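Residue strings, one per chain:
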Amino acid sequence: IYGPTDPKTGKIKEFGIMLSEFESMVEPLKFPASQNNNPMTFRVETNALTPNNTYYYQAYASSGASIVKGEVKSFITPETNAPIFSDVVLSDLGAQSVTVSSLIQDDGGSEILIHGFCWKEMNGNSNSPTVADNIVNVEIGPQRITAVIGGLAPENEYLICPYGINAAGLGYGETVRISTLSASVPVISNFHAVDSTEVSYSLHATIGSRDAVNLKRFGFCWSESNTHPTVDNSV
């Protein structure tokens, strides 16, 4: 952009893009570029545009006393599409859980109704997970969605990807592959009551297959008073 200069300083004080829904550029919105940018070449970012709509724009530069404008050009925004997500970021990877997060890069032009993460055990199948597999939903609001995926098995491989649903449909992000860590103690999961009577309870639990080889004792702890019974109580 070659714009006017201030007669005293010889500098352009403001430059950027004007945007309007009218070819005549009436009622334009200004999107100033950062002063850290080079006024000869720069870029700005706009948001809250309407899907499938025509917009007109032109560059401008101002010295504060006068303004020069570039050629009016136009673009058409795409129709509403499914949400788009950035790459999945992993943290706190353990033997049975991992924390995952992803940035909503584009809501697709309509409000996201529900979003979160899909995950599944790899088990020789490298196809990306879907909402038909396991899901963990994340509260609507933040631009970056974060969740803890638990109940995983130690030393196992899983596939995880973000997902979101808006008026246009269902969209998925890129899939990431993780390997959970080794467990230092036996991993017990899927604990629930199978049956009960007035004087008894039948219980069920699953011990990780990799832990079963070296087990010396196993069973259930119970207590009438301790909310967290141990082997020091009844077993």
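Residues numbered from 1 in each chain as written. Predicted model: local features only at pLDDT ≥ 70, side-chain atom pairs only at ≥ 80, totals over all residues. Heavy atoms only, no water.

As enumerated under the stated definition, the model contains two salt bridges in all. Among the ionic pairs, Arg-177 bridges to Glu-157, the shortest N-O distance being 2.6 Å. Within this pair, whereas Arg-177 is found in strand β14 (residues 176-179), its partner Glu-157 is found in strand β12 (residues 157-166), the two being separated by 20 residues in sequence. (Salt bridge = Lys/Arg side-chain N within 4 Å of Asp/Glu carboxyl O. Helix = DSSP H or I, 4+ residues; strand = E, 2+ residues; numbered from the N terminus.)

Before going further, it helps to examine the nonpolar core. Counting 17 residues, the largest nonpolar core has Val-98, Val-100, Phe-117, Ile-149, Leu-152 and Ile-160 as the members making the most contacts within it. Taken together, the elements giving at least two residues each to this core come down to β8 (98-106), β9 (114-121), β11 (144-149), β12 and β14. Ala-33, Phe-42, Ala-59 and Ala-61 belong to the second-largest nonpolar core, a separate cluster that totals seven residues. (Core = buried A, V, L, I, M, F, W, Y, C linked by side-chain atoms within 4.5 Å. Buried < 20%, exposed > 50% of the residue type's maximum accessible area, 1.4 Å probe, protein only.)

Now for the side chain of Thr-77. Relative to the assigned elements, Thr-77 resides in the loop between β5 (73-76) and β6 (84-85). Among the residues examined, Thr-77 registers a relative accessible area of 10% and is labelled buried. A polar atom in the side chain of Thr-77 sits 2.5 Å from the backbone oxygen of Thr-50. (Polar contact = N/O pair within 3.5 Å; in protein donor to acceptor, adjacent residues only side chain to side chain.)

Here we take up unusual backbone geometry. In this structure, Glu-27 is a non-glycine residue whose phi angle is positive, near 50 degrees. Here Glu-27 is to be found in the loop between β1 (14-20) and β2 (29-32). Since its relative accessible area comes to 68%, Glu-27 is described here as exposed. For Asn-123, which is not glycine, the phi dihedral falls at a positive 50 degrees. Its place among the elements puts Asn-123 in the loop between β9 and β10 (134-138).

Of the pockets and cavities examined, the largest pocket occupies roughly 630 Å³. What lines the largest pocket is a set of 26 residues, and nearest its centre among them are Ala-48, Asp-106, Asp-107, Gly-108 and Gly-109. Sort the elements by how many residues they give to the lining of the largest pocket and β8 lands first, with three residues. Tallied by class, the residues present in the lining of the largest pocket amount to eight nonpolar, 13 polar and five charged. Within this model, the second largest pocket holds a volume of roughly 330 Å³. Considering the residues around the second largest pocket, the lining is formed by Pro-186, Ile-188, Phe-191, Ala-205, Ile-207, Leu-215, Arg-217, Phe-218, Gly-219, Phe-220, Cys-221 and Pro-229. Elements with a contribution of two residues or more to the lining of the second largest pocket: β15 (188-196) and β16 (201-207). (1 Å grid on protein atoms, 1.4 Å probe; cavity = no way out; pocket = protein on both sides within 12 Å on 5 of 7 lines; lining within 4 Å. Points joined across faces, edges and corners; volume = space filled by probe spheres on them. Nonpolar A, V, L, I, M, F, W, Y, C, P; charged D, E, K, R; others polar.)

Scope: geometric values only; no functional claims are made or implied.
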